[in-house]
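Fold and contact review
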Amino acid sequence: MILDGDALVILDQTRLPWRVEERRLVTLEDVAEAISAMRVRGAPLIGCVAAFGVAVALTKGKADDVALDHALTVLRATRPTAVNLMWALDRMDARLRPLVPAARPEAAWAEAEAIRAEDAAMCAAIGAHGLALLRGLPAREGRALRVMTHCNAGRLATAGMGTALAPIYAAHAEGLAVEVFVSETRPRNQGLLTAWELAAAGIKHTLIADNAAGLLLMRGEVDVVIVGADRIAANGDTANKVGTYLKALAAREAGVPFYVAAPASTFDAETPCGEAIPVEERAEEEVFFVDGLDGEGCPGRLRLASEGTRAANPAFDVTPASLVSGFITERGIIGDRPRLPTGNRGLSPIILAVARTLKEHRLNVGASGNVSARCDDGFLITPSGLLPERGSAADMVWMKMDGTYAGELAPSSEWRIHRDIYASVPEAGAVVHAHSPFATALACQRVDIPPFHYMIALFGGDSVRCAAYATFGTEALSKNVLLALAGRNACLLANHGMLVYGRDPAHALAQAIELESLCEQYWRACQPGPPVLLSEKEMAEAMERFRHYGAREFKQ
Ligand SMILES: [Zn+2]
């Protein structure tokens with residue numbers, strides 16, 4: 001957008017990417033039409049152009065209160081969802097209303113220019129914060145960082161380098177290799193604008209149909225998703241171009257971080273949550289028709305749907321805050337959650353599979369018990385109250401050693417025991433806790449399992465101890481468990497259940513099944529009277545054999 005005397009010259013984005021066509025806006029009506037017809041689009045640019053629209057209106061006609069109100073009303077009606085538009089117009093109103101009409105036109109141009117300069121600076125700051133975030137993503141073994149975006153939140157949508165694309169431009173400028181997956185963004189195909197401007201900047205990009213995004217995310221072919229926003233409610237629910245929500249869902253399922261890049265002015269404290277954001281319904285013609293070039297290179301419009309078909313055309317959707325990893329703003333990253341390191345994403349389905357197997361073997365019923373595995377500088381754990389057969393891999397909670405966690409589900413209430421085991425036992429790679437029937441029955445007797453069978457040596461000593469009772473989920477219970485585990489990788493929990501740890505989830509699962517089986521054997525062996533116990537020497541020999549057995553197994 002440039003100024004030419006008292007006129008505004010814009011790039012007509014409805015003509016892009018086939019034609020680079022400028023359009024002069026000389027009246028208020030021109031400006032309003034350009035915004036509502038999406039000749040200019042993108043929340044920040046709309047705000048900027050609307051501000052200049054007020055200047056145009058007050059310069060062409062009168063500048064009294066009636067004229068000012070008229071200009072504000074006409075411009076406010078152009079795009080109801082864009083909070084930036086309202087913000088820019090409120091700002092113009094606040095600046096101009098106290099002035100005498102004669103002073104208003106000049107002040108209007110100056111204020112609009114200030115909004116434009118601030119927008120460019122805002123974009124640059126978002127780019128800098130976004131770049132730091134991209135640099136912090138896990139290493140990618142010699143390949144470019146793969147970013148997925150939706151719609152257009154780039155240079156064409158702002159007065160600067162964009163919002164969602166700003167980190168990409170910043171990365172490109174700094175020599176960090178990036179490549180961008182650009183989704184078409186039906187029905188208006190703003191993705192084509194993104195592709196056009198990335199091509200102009202020499203940034204590697206690939207255009208995809210909107211429907212391909214889920215597969216690419218699932219296959220791990222995307223490192224991070226960054227989108228813009230039209231309005232962010234007070235609770236973080238984010239309205240953006242329709243289709244954003246589907247990407248957020250797929251990203252969450254795949255464990256790919258999903259960021260919203262937007263200026264602070266996009267946050268709307270007056271709107272409590274997503275349901276309160278008005279969603280603009282646009283004309284069905286946008287769905288029926290597609291614009292492009294014909295075989296001769298002439299622009300044309302084709303009808304896709306047959307006559308008599310109706311279409312729904314919501315312009316935006318609302319992505320719940322729980323699906324957003326963080327917000328990249330000009331003031332820094334807001335609400336950043338710890339992210340599961342991408343290299344360990346494969347662990348989530350394994351943990352879920354172990355939880356399901358425990359249930360199939362009746363070691364757990366309902367939502368009892370829990371499973372975790374060490375992961376990066378934390379661990380992945382089943383969430384609280386999860387029915388394994390109903391949950392998905394994405395439900396696993398990644399928790400750091402300081403007790404903070406990623407995702408919307410809370411970790412299992414027993415996370416403390418898992419955390420404390422990982423903190424104090426370096427060789428523990430996975431932990432299984434179960435309320436299995438025989439182990440629990442013995443735990444209610446508060447007995448240690450003696451060396452009634454040589455297989456007891458599998459757990460590191462000549463007994464499996466029973467940890468003293470404490471309320472579930474407490475620090476006291478965690479302490480009692482660690483005491484009972486000294487020199488062992490399994491224990492009972494008084495009036496509660498059992499716990500084992502192993503090298504990895506499969507090992508821990510095998511140990512849990514083994515322990516429950518031994519508990520059953522001990523229970524049955526006790527029925528005719530106390531069983532004969534193995535001597536210290538016999539157990540020492542068994543343990544010696546297990547050590548070699550274990551070592552061999554380890555090398556395989
Ligand atoms: Zn429990």
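Residues numbered from 1 in each chain as written. Predicted model: local features only at pLDDT ≥ 70, side-chain atom pairs only at ≥ 80, totals over all residues.

A few points about the packing of helix α3 (residues 65-76) against helix α4 (residues 83-96)
Each packed pair of helices is defined by two parameters, the angle between the axes and the distance between the axes. Running from amino to carboxyl end, α3 crosses α4 at an angle of 175°, the nearest separation of the two axes being 10 Å. Classified by the angle their axes make, α3 and α4 are roughly antiparallel. Residues Leu68, Leu72, Leu75 and Arg76 of α3 form the contact with α4, whose participating residues are Met86, Leu89, Asp93 and Leu96. The class makeup of the residues in the contact of α3 with α4 is six nonpolar, no polar and two charged. (Axes fitted to C-alpha atoms, helices over the stretch in contact; angles between N-to-C directions. Helix = DSSP H or I, 4+ residues; strand = E, 2+ residues; numbered from the N terminus. Parallel < 35°, antiparallel > 145°, perpendicular 65-115°, else oblique. Contact = placed C-beta atoms within 7 Å. Nonpolar A, V, L, I, M, F, W, Y, C, P; charged D, E, K, R; others polar.)

Examining the sheet that holds strand β19 (residues 397-400)
Reading across from one edge, β19-β18-β17-β20-β23-β22-β21 is the order of the seven strands in this open sheet, with mixed pairing throughout. Bordering the open sheet on either side are β19 and β21 (466-467), each of which pairs with just one other strand. Two elements, β21 and strand β22 (residues 490-493), share two bridges in a ladder whose sense is parallel. Of the residues in β22, the one forming a bridge with alanine 467 is leucine 493. Its contacts with the sheet put helix α15 (residues 505-526) on β17 (370-375), β20 (430-434), β22 and β23 (497-502), and the angle it makes with β23 is roughly 145°. (Pairing = 2+ DSSP bridges.)

Considering the packing of helix α11 (residues 347-360) against α15
Orientation of α11 relative to α15, taken along the N-to-C sense of each, is 10°, at an axis distance of 10 Å. Classified by the angle between their axes, α11 and α15 sit roughly parallel to one another. Each of Ile350, Ile351, Val354, Thr357 and Leu358 in α11 lies in contact with α15, whose residues at this interface are Pro505, Leu509 and Ala512. Among the residues making up the contact of α11 with α15, the classes are represented as seven nonpolar, one polar and no charged.

Overview of the sheet that holds strand β15 (residues 326-329)
With respect to topology, seven strands assemble into an open sheet ordered β6-β5-β4-β7-β10-β15-β16, the strand pairing being mixed. Single-partner strands in this sheet number two, and they are β6 (205-208) and β16 (332-334). Strand-to-strand, the axes of this sheet are offset by a mean angle of 25°, without reference to chain direction. Across four bridges, the pairing between strand β5 (residues 178-183) and β6 is parallel. The partner of valine 180 across the bridge, within β6, is histidine 205. Where helix α6 (residues 166-173) meets the sheet, its contacts fall on β4 (145-149), β5, β7 (224-227), β10 (258-261) and β15, and the angle it forms with β5 comes to roughly 155°.

Things to note about helix α14 (residues 475-485)
Turning to α14, its buried residues are Leu477, Ser478, Asn480, Val481, Ala484 and Leu485. Considered in projection along α14, the buried side chains sweep an arc of 165° and stay on one side of the axis. Away from its buried face by more than 90 degrees, α14 exposes Glu475 and Leu483. Tucked inside the fold, the buried residues of α14 contact α12 (415-424), β21, β22 and β23. (Buried ≥ 20, exposed ≤ 12 C-beta atoms within 10 Å, placed from the backbone. Arc of directions from axis to C-beta.)

So, the nonpolar core
If you look at soluble globular proteins, the nonpolar side chains tend to sit buried side by side. Residues Val49, Val54, Val225 and Ala261 are the most contacted members of the largest nonpolar core, which totals 101 residues. Here this core gets 13 residues from one element, more than from any other, and that element is helix α2 (residues 43-60). Two domains each provide a minimum of three residues to this core, namely domain 1 (2-120) and domain 2 (121-334). Apart from residues lying up to four places away in sequence, valine 49 is in contact with Met1, Leu8, Ile10, Val31, Ala34, Ile35 and Val40. By size, the runner-up hydrophobic cluster in this structure holds 59 residues, among which are Leu347, Ala490, Leu499 and Tyr522. (Core = buried A, V, L, I, M, F, W, Y, C linked by C-beta atoms within 7 Å. Domains from an automatic or database assignment.)

Digging into α11
Structurally, the α-helix is built with 3.6 residues per turn, so residues lying three or four positions apart point the same way. End to end, α11 covers 20 Å across 14 residues, agreeing with the expected 20 Å (1.5 Å per residue, within 8%). Where α11 is buried, its residues meet β17, β18 (378-381), β20 and α15. Following α11 by one or two positions, arginine 362 adopts a phi angle in the positive range, close to 60°. (Expected span 1.5 Å × (residues − 1).)

Let's talk about the confidence of the model for the protein
Here the protein shows a mean pLDDT of 91. Residues at 70 or above account for 96%. Considering only residues more than four positions removed or in separate chains, one finds that residues 550-556, a stretch of pLDDT under 50, has zero contacts. (pLDDT = per-residue confidence, 0-100.)

Digging into the domain arrangement of the protein
For the protein, the assigned domains are domain 1 (2-120), domain 2 (121-334) and domain 3 (342-555). Taking the mean C-alpha position of each, domain 1 and domain 2 sit 25 Å from one another. If you look at the interface, domain 1 gives 24 residues, while domain 2 gives 34 residues. Within the residue set of the side of domain 1 that touches domain 2, elements represented by two or more residues are α2, α4 and α5 (104-135).

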